[in-house]
Amino acid sequence: MKPRVLALLALIFILNTGYIAAFATPSMFYMANVLAHLILGIILAVAAIPYLGKPAATILGLCGVAGLYLAMAGNTRPHAPILWLHILLGIATLIAAMR
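Rules of the game
- Residues numbered from 1 in each chain as written.
- Predicted model: local features only at pLDDT ≥ 70, side-chain atom pairs only at ≥ 80, totals over all residues.
- Heavy atoms only, no water.
- Core = buried A, V, L, I, M, F, W, Y, C linked by side-chain atoms within 4.5 Å.
- Buried < 20%, exposed > 50% of the residue type's maximum accessible area, 1.4 Å probe, protein only.
- Helix = DSSP H or I, 4+ residues; strand = E, 2+ residues; numbered from the N terminus.
- 1 Å grid on protein atoms, 1.4 Å probe; cavity = no way out; pocket = protein on both sides within 12 Å on 5 of 7 lines; lining within 4 Å.
- Points joined across faces, edges and corners; volume = space filled by probe spheres on them.
- Contact = heavy atoms within 4.5 Å.

### Focus: the nonpolar core
Part 1 of the argument: In terms of nonpolar packing, the biggest core is built from 8 residues, these being Leu 6, Leu 9, Phe 13, Leu 40, Leu 44, Ala 47, Ala 48 and Leu 60.
Part 2 of the argument: Of all elements in the fold, only helix H1 (3-22) and helix H2 (28-48) reach the threshold of two or more residues within this core.
Part 3 of the argument: Ranked by the residues each element gives to this core, the list is headed by H2, at 4 residues.

### Observations regarding the layout of surface pockets
Part 1 of the argument: Empty space within the largest pocket amounts to approximately 1700 Å³.
Part 2 of the argument: Lining the largest pocket we find 50 residues, and of these Phe 13, Thr 17, His 37, Cys 63 and His 86 sit closest to its centre.
Part 3 of the argument: Of all elements in the fold, only H1, H2, helix H3 (54-73) and helix H4 (80-97) reach the threshold of two or more residues within the lining of the largest pocket.

### Let's talk about the side chain of His 37
Part 1 of the argument: Along the chain, the position of His 37 falls in helix H2.
Part 2 of the argument: Note on His 37: relative accessible area 18%, which makes it buried.
Part 3 of the argument: Residues within four places of His 37 in sequence aside, it is in contact with Phe 13, Asn 16, Thr 17, Ile 20 and His 86.

So far we have only geometry, and geometry alone does not tell us how the molecule works.
Here you go:
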């Protein structure tokens, strides 16, 4: 994937993440954004790995594992620590990727 396309995809993903974080309402539009977040996250993780350094790629992989766990187990109250881990790993990935 071209770097420009990857950057656009990353921007869309960040905006999608911001919407999910800001508006946790049980609406169809919100749930569509959650599904888009899962799909974009998988595509972005696979496409970005070759462009990232080893630390950022490792953190991104861990973030992806936490996200897939939440998708499979359900993002419910008992899994809140995994959600926070996923959020923190996502932030850490952005910081590591900018270095």
